[in-house]
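Chains, contacts and geometry: an overview
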Amino acid sequence: MPVESDAELREVLGMERVAVVGCSSTPGKDAHEIPKYLLEHGYEVIPVNPTADEIFGRTAYDSLADVDEEVDVVDVFRPSDEVAGIVDEALDRDDVAVVWTQLGIADGEAAARAEDAGLRVVQDKCIKVEHQRLVA
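What you are looking at is a predicted structure, and each value in this text was computed from that prediction instead of being measured.

Right, let's get into the nonpolar core. Leu38, Val73 and Trp100 are the most contacted members of the largest nonpolar core, which has 25 residues in total. For this core, the secondary-structure elements that each account for two or more residues are helix H1 (6-13), strand E1 (17-21), helix H2 (30-40), strand E6 (98-101) and helix H5 (127-134). Sorting elements by how many residues they give to this core places H2 first, with four residues. Every residue in contact with Leu38, bar those within four places of it in the chain, is listed here: Val18, Tyr43, Val45, Asp75 and Ile127. In terms of nonpolar packing, the next biggest core, distinct from the first, is built from 22 residues, Val48, Val87, Val99 and Ala111 among them.

A separate point is the packing of H1 against H5. The contact between H1 and H5 brings their axes to 10 Å, and the two run at 110°. Classified by the angle their axes make, H1 and H5 are roughly perpendicular. Contact residues: Asp6, Leu9, Arg10 and Leu13 in H1; Ile127, Glu130, His131, Arg133 and Leu134 in H5. Broken down by class, the residue content of the contact of H1 with H5 amounts to four nonpolar, one polar and four charged.

Turning our attention to H2. Of the positions making up H2, those classed as buried are Ala31, His32, Ile34, Pro35, Tyr37 and Leu38. Just downstream of H2, Gly42 is the residue with a positive phi angle, here 90°.

Another point: a negative patch on the surface. Taken together, the side chains of Asp53, Glu54, Asp62, Asp66 and Asp68 define an acidic patch exposed on the protein surface. Mapped onto the fold, Glu54 is located in strand E3 (residues 54-55). Under the relative-accessibility criterion, Glu54 is labelled exposed at 53%.

On to the sheet that holds E1. In space, the five strands of this open sheet follow the order E2-E1-E5-E6-E7, with parallel pairing throughout. Of all strands in the sheet, those with a lone pairing partner are strand E2 (44-48) and strand E7 (120-122), marking the two edges. Neighbour-to-neighbour, the strand axes of the sheet open up by a mean angle of 20°, direction not taken into account. Bridge analysis of E6 against E7 gives three bridges, and the strand direction is parallel. From the neighbouring strand, Trp100 faces E7, where its bridge partner is Val122.

For the rest of this paragraph, the subject is the side chain of Asp95. Note that Asp95 resides in the loop between helix H3 (83-91) and E6. Looking at Asp95, the relative accessible area reads 14%, which means it is buried. A distance of 2.9 Å separates the side chain of Asp95 from the backbone nitrogen of Val71, its partner in a polar contact.

The space that makes up the largest pocket amounts to roughly 220 Å³. Around the largest pocket, the lining comprises 13 residues; the ones closest to its centre are Val21, Gly22, Pro50, Arg78 and Glu82. At three residues, the largest contribution of residues to the lining of the largest pocket is made by H3. Partitioned by chemical class, the residues of the lining of the largest pocket number five nonpolar, four polar and four charged.

Quick notes on the rules
- Residues numbered from 1 in each chain as written.
- Predicted model: local features only at pLDDT ≥ 70, side-chain atom pairs only at ≥ 80, totals over all residues.
- Heavy atoms only, no water.
- Core = buried A, V, L, I, M, F, W, Y, C linked by side-chain atoms within 4.5 Å.
- Buried < 20%, exposed > 50% of the residue type's maximum accessible area, 1.4 Å probe, protein only.
- Helix = DSSP H or I, 4+ residues; strand = E, 2+ residues; numbered from the N terminus.
- Contact = heavy atoms within 4.5 Å.
- Axes fitted to C-alpha atoms, helices over the stretch in contact; angles between N-to-C directions.
- Parallel < 35°, antiparallel > 145°, perpendicular 65-115°, else oblique.
- Nonpolar A, V, L, I, M, F, W, Y, C, P; charged D, E, K, R; others polar.
- Patch = residues over 30% accessible without salt bridge, like charges linked within 9 Å, V, L, I, M, F, W, Y side chains within 5 Å.
- Areas by Shrake-Rupley, 256 points an atom, 1.4 Å probe, with all protein chains shown as cover.
- Salt bridge = Lys/Arg side-chain N within 4 Å of Asp/Glu carboxyl O.
- Lys, Arg positive; Asp, Glu negative; His and termini not counted.
- Charge placed at Lys NZ, Arg CZ, Asp CG, Glu CD.
- Pairing = 2+ DSSP bridges.
- Polar contact = N/O pair within 3.5 Å; in protein donor to acceptor, adjacent residues only side chain to side chain.
- 1 Å grid on protein atoms, 1.4 Å probe; cavity = no way out; pocket = protein on both sides within 12 Å on 5 of 7 lines; lining within 4 Å.
- Points joined across faces, edges and corners; volume = space filled by probe spheres on them.

In C-alpha coordinates:
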(Lines give C-alpha, C1' and ligand atoms only; values in the text may rest on other atoms or scores of the structure.)
Protein backbone atom coordinates (compact mmCIF):
# COMPACT_ATOMS: atom_id res chain seq x y z
CA MET A 1 0.00 0.00 0.00
CA PRO A 2 1.32 3.47 -0.74
CA VAL A 3 2.32 5.45 2.30
CA GLU A 4 0.79 8.88 1.93
CA SER A 5 -0.43 10.34 5.22
CA ASP A 6 1.81 11.89 7.85
CA ALA A 7 0.59 9.26 10.34
CA GLU A 8 1.68 6.46 8.01
CA LEU A 9 5.04 8.17 7.38
CA ARG A 10 5.59 8.50 11.15
CA GLU A 11 4.90 4.77 11.53
CA VAL A 12 7.44 3.93 8.82
CA LEU A 13 9.97 6.32 10.36
CA GLY A 14 9.52 4.43 13.64
CA MET A 15 11.11 1.34 12.08
CA GLU A 16 14.75 0.95 13.08
CA ARG A 17 16.66 -1.20 10.57
CA VAL A 18 17.26 0.55 7.24
CA ALA A 19 19.16 -1.09 4.38
CA VAL A 20 20.47 1.73 2.20
CA VAL A 21 20.89 0.46 -1.36
CA GLY A 22 23.40 2.72 -3.07
CA CYS A 23 24.88 3.97 0.20
CA SER A 24 27.98 6.00 -0.64
CA SER A 25 31.33 6.07 1.13
CA THR A 26 31.93 9.60 -0.22
CA PRO A 27 31.24 12.39 2.29
CA GLY A 28 29.19 15.21 0.79
CA LYS A 29 27.05 12.95 -1.40
CA ASP A 30 23.39 12.64 -0.42
CA ALA A 31 23.77 8.85 -0.43
CA HIS A 32 26.38 9.29 2.35
CA GLU A 33 25.03 12.24 4.31
CA ILE A 34 21.43 10.99 4.62
CA PRO A 35 22.37 7.52 5.96
CA LYS A 36 24.83 9.27 8.30
CA TYR A 37 21.94 11.43 9.54
CA LEU A 38 19.88 8.28 10.12
CA LEU A 39 22.73 6.72 12.13
CA GLU A 40 23.01 9.89 14.22
CA HIS A 41 19.29 9.65 14.97
CA GLY A 42 19.34 6.09 16.27
CA TYR A 43 18.65 4.04 13.16
CA GLU A 44 20.55 0.86 12.40
CA VAL A 45 21.89 1.56 8.90
CA ILE A 46 22.91 -1.38 6.73
CA PRO A 47 24.98 -0.14 3.77
CA VAL A 48 24.49 -1.86 0.40
CA ASN A 49 27.22 -0.94 -2.09
CA PRO A 50 29.20 -3.49 -4.15
CA THR A 51 32.19 -1.15 -4.50
CA ALA A 52 32.77 -0.69 -0.75
CA ASP A 53 33.80 -3.13 1.96
CA GLU A 54 32.75 -0.89 4.81
CA ILE A 55 30.82 2.35 5.29
CA PHE A 56 30.38 4.08 8.67
CA GLY A 57 32.42 1.25 10.21
CA ARG A 58 29.75 -1.24 9.13
CA THR A 59 29.99 -4.06 6.61
CA ALA A 60 28.80 -2.96 3.18
CA TYR A 61 26.93 -5.70 1.35
CA ASP A 62 27.11 -6.23 -2.41
CA SER A 63 23.33 -6.47 -2.78
CA LEU A 64 20.17 -6.58 -0.71
CA ALA A 65 20.11 -10.34 -1.28
CA ASP A 66 23.48 -10.61 0.51
CA VAL A 67 22.36 -8.81 3.67
CA ASP A 68 22.30 -11.32 6.51
CA GLU A 69 20.79 -8.90 9.02
CA GLU A 70 17.11 -8.16 9.61
CA VAL A 71 15.78 -5.31 7.43
CA ASP A 72 12.66 -3.23 8.05
CA VAL A 73 13.03 -0.54 5.39
CA VAL A 74 14.88 -0.61 2.07
CA ASP A 75 15.96 2.96 1.25
CA VAL A 76 16.92 3.28 -2.42
CA PHE A 77 19.61 5.67 -3.70
CA ARG A 78 19.86 4.15 -7.17
CA PRO A 79 18.44 5.29 -10.53
CA SER A 80 14.76 4.64 -11.19
CA ASP A 81 15.59 1.99 -13.80
CA GLU A 82 17.22 -0.13 -11.06
CA VAL A 83 14.24 -0.01 -8.69
CA ALA A 84 12.52 -3.07 -10.21
CA GLY A 85 15.51 -5.31 -9.46
CA ILE A 86 15.79 -3.94 -5.93
CA VAL A 87 12.08 -4.57 -5.35
CA ASP A 88 12.61 -8.14 -6.60
CA GLU A 89 15.34 -8.61 -3.99
CA ALA A 90 13.11 -7.08 -1.30
CA LEU A 91 10.27 -9.42 -2.25
CA ASP A 92 12.61 -12.41 -1.95
CA ARG A 93 13.13 -11.55 1.73
CA ASP A 94 10.57 -12.15 4.45
CA ASP A 95 11.62 -9.28 6.70
CA VAL A 96 11.21 -6.15 4.55
CA ALA A 97 8.12 -4.09 5.37
CA VAL A 98 8.81 -0.91 3.37
CA VAL A 99 10.49 0.10 0.12
CA TRP A 100 11.42 3.80 0.14
CA THR A 101 12.82 5.54 -2.93
CA GLN A 102 14.58 8.86 -2.47
CA LEU A 103 13.73 12.15 -4.20
CA GLY A 104 13.65 11.83 -7.96
CA ILE A 105 13.52 8.02 -7.86
CA ALA A 106 10.33 6.16 -8.76
CA ASP A 107 9.05 3.12 -10.64
CA GLY A 108 5.28 2.78 -10.66
CA GLU A 109 5.23 -0.82 -11.87
CA ALA A 110 7.78 -1.97 -9.28
CA ALA A 111 5.90 -0.07 -6.57
CA ALA A 112 2.65 -1.78 -7.58
CA ARG A 113 4.34 -5.20 -7.39
CA ALA A 114 5.67 -4.40 -3.93
CA GLU A 115 2.27 -3.15 -2.77
CA ASP A 116 0.54 -6.23 -4.22
CA ALA A 117 2.91 -8.36 -2.14
CA GLY A 118 1.94 -6.46 1.02
CA LEU A 119 4.88 -4.08 1.31
CA ARG A 120 4.42 -0.41 2.04
CA VAL A 121 5.92 1.95 -0.52
CA VAL A 122 7.18 5.52 -0.29
CA GLN A 123 8.38 7.00 -3.57
CA ASP A 124 10.17 10.21 -4.51
CA LYS A 125 10.61 11.47 -0.93
CA CYS A 126 13.72 12.12 1.14
CA ILE A 127 13.75 10.07 4.34
CA LYS A 128 15.83 12.76 6.10
CA VAL A 129 13.44 15.56 5.13
CA GLU A 130 10.44 13.52 6.28
CA HIS A 131 12.19 12.61 9.54
CA GLN A 132 13.03 16.25 10.23
CA ARG A 133 9.47 17.28 9.40
CA LEU A 134 7.63 14.59 11.37
CA VAL A 135 9.90 13.16 14.06
CA ALA A 136 12.95 15.26 14.96
